[in-house]
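Report on the structure
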Amino acid sequence: MSESTTALLEAGARDEQSVKLSMQQALNRALDEILSTDPKTVVFGEDCGQLGGVFRITDGLQAKHGESRVFDTPLAESGILGMSVGLAMAGFHPIPEVQFDGFAYPAINQIVCQIARMNYRSRGTLPMPITLRVPSFGGIRAPEHHGESLEALFAHVPGLKVVSPSDPHDAYHLLKYAASRPDPVIFMEPKSRYWQKGDVDTSDAGPLTGARIVRPGRHLTLVAWGAMVARCLQVAELAAEDGIDVEVLDLRWLKPIDAEALATSVGKTRRAVVVHEAPLTSGLGAEVAQLITQSCFDTLKAPVERVTGFDVPYPSGDLEDEYIPNIDRILLGIQRVLEYRRG
Amino acid sequence: MAEISFPLPDLGEGLIEATVLDWLVSPGDQVERNQPLVELETSKSALELPSPQAGKVIRIHGAPGETINVGEPLVVFEVPDNTAGIVGTVPKDDAPKRRVRLSAVLDED
């Protein structure tokens, strides 16, 4: 067999493992596989059972895996997360859902005071292998409490890990990975990206920890996560028209943050803009800017810029295009960095 | 395409079942939200049940005269995979629009 034929066959074999899925379908498939392979897993939340979730993420799972493993809960997030604590203590691997980001607030006590520190409090005898799925961020014209960005809140709590996938491939693999961890993981699903399809290679996850370069570039690094990654990729294409070669770094893990990936990328490009939907003040962009400054202070061409939501409550759907960083606001952030001259 | 099952909803007043009087739609019909689906009779009254959503009807349960319990399947819809959740809309992936242009002299030192 010639070398090229072998290469073609290998490419073919890989293609069979690669399927085009929306993030919605990728998450559904991941949950199905987790339930099939780990008998200790239970999936539950408001409308997760019979209805299959308001975003169809748990569609068909109750019919397949039974009402004792995939079930509906009352409309009480403190109960959903409180029950998760008990289930985890009893040896289960709960994958609860809070239906929307803003509904996590009533469960903050259970998340912060119990889930995050039970392992610490019990000297390692009561780990909390809980993966909390939170449909997150804005962009779908939903009412109040349905478009919040809670990553800085969760990342601030010792004992929690926080991750947000930006495409179907990462959504599929990161959910399976998160569910296999002994620690609690807040899994932030960018709900405005639920419907866009992408290639999911089910056989080759690639690295599951740390950040990921989604577009290499030489002049400036855009740091983003969740739904902002796709927007930053659009911005990078537009910047290329103006001769600016932008690197896009998908942070993925928001706790712990991959400081090494930030140092490597910005060490090369010497300019950075961090983009997030959450409000500016005490947002995760500040943490990212500090990590970059710490490692790249001597070579940075300009202070790290932040392009973010505003310090106001998340607005109604009619105004969210003004709130979420848009292409022009990100381009202006890039321009400010490019223009900066040391005084 | 995805299938969504619509079970007989709780009709209130402690009713636990209803009898099908007449179907107003057939499998294959494309229905709009709030379009009447079926005439039902309970021990209290006769009523028309509106559709909870738009979609294509692919199965109906219960012939006229048959009784269905609350929570049992009534209608199964077929909807496109990219149908929005119950809250919100599916964002459009429009071609990116820009007004800002970048200008920079990059000193490659």
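None of these values were measured; they are calculated from a predicted model.

1. A look at the environment of D59(A)
Here D59(A) lies in the loop between strand 2 (41-45) and helix 3 (61-65). A residue is classified by how much of its surface remains accessible, and D59(A), at 26% relative accessible area, is partly exposed. When residues no more than four places from it in sequence are discounted, the contact partners of D59(A) are N28(A), L51(A), G52(A) and E3(B).

2. A few points about the nonpolar core
All names here are of chain A. Within the largest apolar cluster, 48 residues are counted, with the highest numbers of intra-cluster contacts made by I186, L251, V288 and I292. Each of two domains, domain 1 (14-201) and domain 2 (212-339), supplies a minimum of three residues to this core. Apart from the residues within four sequence positions on either side, I292 is in contact with V223, L262, V266, A272, F297, L300 and V304. In this structure, L21, V70, I95 and Y194 belong to the second largest nonpolar core, which totals 35 residues.

3. Things to note about the packing of helix 4 (residues 77-89) of chain A against helix 5 (residues 108-115) of chain A
Residues and elements named next belong to chain A. Running from N to C, helix 4 and helix 5 point in directions that differ by 25°, and their axes come no closer than 8 Å. What the angle tells us is that helix 4 and helix 5 run roughly parallel. Listed contacts from helix 5 to S78, L81, G82 and V85 of helix 4 are Q110, I111, Q114 and I115. Of the residues belonging to the contact of helix 4 with helix 5, the class tally is 4 nonpolar, 4 polar and no charged.

4. Some remarks on the interface of chain B and chain A
Chain B puts 31 residues into the contact, and the matching count from chain A is 39 residues. Buried surface at the junction of chain B and chain A, summed over both partners, amounts to about 2800 Å²; 52% is from carbon and sulfur atoms. Summed over the three residues of chain B that lose the most area to chain A, namely V87(B), R98(B) and L102(B), the buried surface amounts to 23% of that side. Counting across the chain B and chain A interface gives 5 salt bridges. Where R101(B) meets E241(A), a salt bridge forms, and the shortest distance between an N and an O atom there is 3.5 Å. The tally of links between chain B and chain A comes to 10 residue pairs in polar contact (both at pLDDT 80 or more). Its residues assigned to classes, the side of chain B that touches chain A comprises 13 nonpolar, 7 polar and 11 charged.

5. A closer look at the pairing of strand 2 (residues 17-23) of chain B
Residue and element names in this part refer to chain B. When strand 2 meets strand 7 (residues 67-69), the two strands line up antiparallel, connected through 3 bridges. In the strand pairing of strand 7, A18 is matched with I68. Sheet topology places strand 2 next to strand 4 (residues 36-41); 4 bridges connect them, and they run antiparallel. Bridge pairing in strand 4 places T19 opposite E41.

6. Regarding the UniProt feature "domain: Lipoyl-binding" (unreviewed entry) in chain B
In this numbering, the UniProt entry assigns the feature "domain: Lipoyl-binding" (unreviewed entry) to residues 1-78 of chain B. The span residues 1-78 of chain B shows a helical share of 0% and a strand share of 53%, and its end C-alpha atoms are spaced 6 Å apart.

7. Some thoughts on the side chain of T58(A)
Along the polypeptide, T58(A) turns up in the loop between strand 2 and helix 3. Those residues within four positions of T58(A) in sequence are excluded, and the remaining contacts are N28(A), L31(A), V43(A), C48(A), G52(A), G53(A) and R133(A).

8. As for the confidence of the model for chain A
Counting all residues, the mean pLDDT for chain A is 94, and 95% of those residues have values of 70 or more. A low-confidence stretch, residues 1-9 of chain A stays under pLDDT 50, and its non-local contacts, those more than four residues away or across chains, total 2 contacts.

9. Observations concerning the domain arrangement of chain A
Residue and element names in this part refer to chain A. Partitioning chain A into structural domains gives domain 1 (14-201) and domain 2 (212-339). The C-alpha centroid of domain 2 is placed 26 Å from the C-alpha centroid of domain 1. On the side of domain 2, 23 residues touch domain 1, which itself brings 31 residues to the contact. Summed over both partners, the interface of domain 1 with domain 2 comes to about 2100 Å²; 55% of that surface belongs to carbon and sulfur atoms. In terms of surface lost to domain 2, no three residues of domain 1 exceed R141, E151 and S166, which account for 23% of the buried area on that side.

The rules behind these values
- Per chain, residue numbering runs from 1 following the sequence as it is written.
- Ligands are numbered from 1 and chains lettered from A, in the order in which they are written.
- In keeping with the predicted nature of the model, local features appear solely for residues at pLDDT of at least 70, side-chain atom pairs appear and are counted solely at 80 or more, and the whole-chain, interface and lining totals rest on all residues.
- Where side-chain values are given, they derive from all heavy atoms of the structure, hydrogens and water being excluded.
- Helical segments are the DSSP runs of H or I of at least four residues, strand segments are the runs of E of at least two, and each set is numbered from the N terminus.
- Exposure is judged per residue with a 1.4 Å probe applied to protein chains only, and the accessible area is read against the type maximum: over 50% gives exposed, under 20% gives buried, and values in between give partly exposed.
- Contacts are assigned to residue pairs with any non-hydrogen atoms lying within 4.5 Å of each other.
- Throughout, nonpolar core names a set of buried Ala, Val, Leu, Ile, Met, Phe, Trp, Tyr and Cys residues whose side chains join them through atoms within 4.5 Å.
- The domain boundaries here were taken from an automatic or database domain assignment.
- Axes here mean lines fitted to C-alpha atoms, for a helix over just the part in contact, with angles spanning 0 to 180 degrees between N-to-C directions.
- Here the angle decides the label: under 35 degrees means roughly parallel, over 145 means roughly antiparallel, 65 to 115 means roughly perpendicular, and every other value means oblique.
- For this classification, Asp, Glu, Lys and Arg are treated as charged, while Ala, Val, Leu, Ile, Met, Phe, Trp, Tyr, Cys and Pro are nonpolar and the rest, including Gly, are polar.
- Buried surface area refers to the total accessible area, computed with a probe of radius 1.4 Å, that the two partners give up upon joining, counted for both partners together.
- Take a side-chain nitrogen of Lys or Arg and a carboxyl oxygen of Asp or Glu: if they are within 4 Å of each other, that pair is a salt bridge.
- Pairs of N or O atoms are called polar contacts if they sit within 3.5 Å, as long as, within protein, a hydrogen donor faces a hydrogen acceptor (for residues adjacent in sequence, only side-chain-to-side-chain pairs).
- Here, strands pair whenever DSSP counts at least two bridges between them.
- UniProt positions are given in the numbering used here, feature names are shortened, and annotations may be inferred rather than shown by experiment.
- Every residue carries a pLDDT, the predictor's confidence in it, which falls somewhere between 0 and 100.

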